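Spelled out, the chains give:
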Amino acid sequence: MEQYADTVWRLCLLHVKNRADAEDVFQTVFLKYTLSSVMFENEEHEKAWFIRVTTNACKDFLKSFFRSHTIPIDEIANLPANAMESYREVLDAVLSLPAKYRDAVYLHYYEGYTAPEIGRILKKKTNSVYTLLNRSKKLLAEKLGGDGYE
Amino acid sequence: MNNRLGQAFDQIHTPEDLKSRTEELLSLRISKGSVPPKRIWRYAAAVFCMLILAVGALGGWLYFTPVSAISIDINPSLELNINCFDQVVSVDGFNEEGRALAESLELRFIDYASAIDLLLSEQGVESYLKQGEGLSILVVCDDPERSEKMLATVENCTEAQRHVHCHSEGSENAGSAHAAGLSCGKYRAYLELYAVDPSITPQDVQDLTIREIREWTWKLSGITQNSSPENDENTGSAPKADATPEATASSPEPSSANGHNGSGQGHGHGHGKGKHRK
């Protein structure tokens with residue numbers, strides 16, 4: 001769990017935002033992992049599995065009847081209380097992106113995946129990923145000032 | 001900005017209490033061996049599908065596995081292989097006419113009584129019957145009860161015909177018959193002939209009709225045409241054991257020619273002619 005917990009948690013927060021719900025999704029992902037019979041070829045494969053299952057679990061959660069009828073859509077992100085103000089600004093900017101952009105931004109800028117790799121993990125076309133990244137770049141530049149986004 | 005994003009995400013770590021709670025939850029689930037409801041349904045569906053497949057495979061195997069056979073010999077010589085549902089699953093021809101007849105009629109996947117009706121109404125077979133050729137129908141089955149039932153059905157199907165002999169026996173001779181290239185019915189007739197003249201081989205009778213084999217047998221046994229039960233026969237249901245070749249000579253093989261019900265063993269006696277090849 002130690003190895004992928006942070007990746008899963010960050011993806012949960014990118015989508016679910018509410019800590020209690022994010023915890024539910026987090027536990028669901030690891031429960032799926034424990035019960036899964038998938039044979040992983042290597043660590044990369046395993047990590048990609050976690051990313052895909054987490055994004056799907058988040059989407060399922062957001063689609064659920066309970067969620068769509070009880071949670072306000074503009075809920076405040078549950079970011080670490082001790083996050084420095086400058087980082088908080090960046091995270092807020094990422095969280096303000098449309099949902100479909102966030103995974104690509106996180107996977108590209110933080111996890112270091114290329115667009116084709118992100119496409120394979122998220123089951124999207126490479127060109128679509130490039131488009132998502134370009135648009136995200138523009139939006140983030142608008143919010144945070146364009147310095148060093150390339 | 002890449003750095004800023006990276007550093008910002010670096011600020012986010014999984015809370016330790018969440019990790020420990022998740023680990024507890026997972027160990028609890030593992031120790032309980034509990035399976036989420038979705039997965040139970042998946043297993044149930046898989047088991048159900050396997051069950052359906054198994055039942056289908058068993059049904060298919062049962063359907064396509066012959067448990068008995070009916071050997072029909074007049075001049076066309078063929079065997080209907082019957083499954084446990086009384087359906088014909090395959091037809092084997094043992095001479096040219098038999099093979100042609102098997103191909104010309106749709107005998108498969110119908111019940112054997114209908115198949116016999118179809119065969120008897122076939123023009124060629126009808127003309128043989130009109131010519132007075134003997135028709136031998138032999139039920140080959142190892143289950144006495146089933147054999148008796150099949151024999152009764154076959155006799156019922158042929159009661160309107162003359163010169164028809166119905167018998168039944170176990171499958172003990174089937175292997176030898178097929179190895180000799182003969183149907184079980186013709187092999188049975190051959191065994192009767194063999195009993196009176198052991199020098200006769202299956203090849204000698206291969207091209208003969210049932211009637212010719214019998215006439216040969218009667219001739220060698222010294223049975224005259226007048227004493228032949230074929231003069232008043234329809235079926236072999238009334239054995240006249242004392243007059244049959246089997247009553248006077250033993251079979252070349254210990255297990256041969258043992259009818260379950262002993263019926264049909266009093267076949268006609270010589271009509272005084274015959275294309276005897278020896």
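Residues numbered from 1 in each chain as written. Chains lettered and ligands numbered in written order. Predicted model: local features only at pLDDT ≥ 70, side-chain atom pairs only at ≥ 80, totals over all residues. Heavy atoms only, no water.

Would you take a moment to explain the overall build of chain B for this structure?
Along its length, chain B carries 12 helices and 5 strands. Looking at the 278 residues of chain B, the share that counts as buried comes to 47%. Contacts spanning at least 24 positions in sequence make up 63% of the contacts within chain B whose residues lie at least 6 apart. (Helix = DSSP H or I, 4+ residues; strand = E, 2+ residues; numbered from the N terminus. Buried < 20%, exposed > 50% of the residue type's maximum accessible area, 1.4 Å probe, protein only. Contact = heavy atoms within 4.5 Å.)

Sorry, what's going on with the confidence of the model for chain A here?
Parts of the prediction with low pLDDT should not have their coordinates interpreted in detail. All names here are of chain A. Looking at chain A, pLDDT values average 80 and 81% of them are 70 or higher. At the level of individual helices and strands, chain A shows its lowest average pLDDT in helix α4 (residues 65-70), which scores 56, and its highest in helix α7 (residues 115-122), which scores 90. Predicted confidence is poor over residues 71-78, with pLDDT under 50, and the contacts of this stretch with residues over four places away or in other chains come to 13 contacts. (pLDDT = per-residue confidence, 0-100.)

Even after reading the chapter, I still don't get the pairing of strand β2 (residues 77-82) of chain B, so can you show me in this structure?
Remark: a regular strand shows side chains that alternate across the two faces of the sheet. All names here are of chain B. Burial analysis of β2 places 6 of its 6 residues in the buried class, which makes it a mostly covered element. Both faces of β2 are covered, namely the face carrying Ser77, Glu79 and Asn81 and the face carrying Leu78, Leu80 and Ile82. Two successive antiparallel strands, strand β1 (residues 68-73) and β2, enclose a turn made up of 3 residues. Two strands pair when backbone bridges link them, and β2 and strand β3 (residues 88-93) are joined in this way by 5 bridges, in the antiparallel orientation. (Pairing = 2+ DSSP bridges.)

Sorry, what's going on with helix α2 (residues 19-35) of chain A here?
Count 3.6 residues to each turn of an α-helix, and residues three or four apart come out pointing the same way. In this model, α2 of chain A (17 residues) spans 24 Å end to end at C-alpha, consistent with the 24 Å of a helix rising 1.5 Å per residue. Burial in α2 of chain A covers these residues: Asp21, Ala22, Glu23, Val25, Phe26, Gln27, Val29, Phe30 and Leu31 of chain A. (Expected span 1.5 Å × (residues − 1).)

Help me out: how do you make sense of a positive patch on the surface in this one?
Residues and elements named next belong to chain A. Taken together, Lys59, Lys63, Lys100, Lys124, Arg135 and Lys138 make up a surface patch of like positive charges. Those elements giving two or more residues to the positive patch turn out to be α3 (43-63) and α8 (126-144). Among the residues examined, Arg135 registers a relative accessible area of 43% and is labelled partly exposed. (Patch = residues over 30% accessible without salt bridge, like charges linked within 9 Å, V, L, I, M, F, W, Y side chains within 5 Å. Areas by Shrake-Rupley, 256 points an atom, 1.4 Å probe, with all protein chains shown as cover. Salt bridge = Lys/Arg side-chain N within 4 Å of Asp/Glu carboxyl O. Lys, Arg positive; Asp, Glu negative; His and termini not counted. Charge placed at Lys NZ, Arg CZ, Asp CG, Glu CD.)

Would you take a moment to explain the packing of aromatic side chains for this structure?
The geometry of two aromatic rings is summed up by the distance between their centres and the angle between their planes. Taken as a whole and assessed by the stated rule, the structure comprises 18 aromatic pairs over all chains. Ring pairing ties together the aromatic residues Tyr4, Trp9, Phe26, Phe30, Tyr33, Phe40, Trp49 and Phe50 of chain A, which thus form one cluster. (Phe/Tyr/Trp six-rings, centres within 6.5 Å; stacked < 30°, edge-to-face > 60°.)

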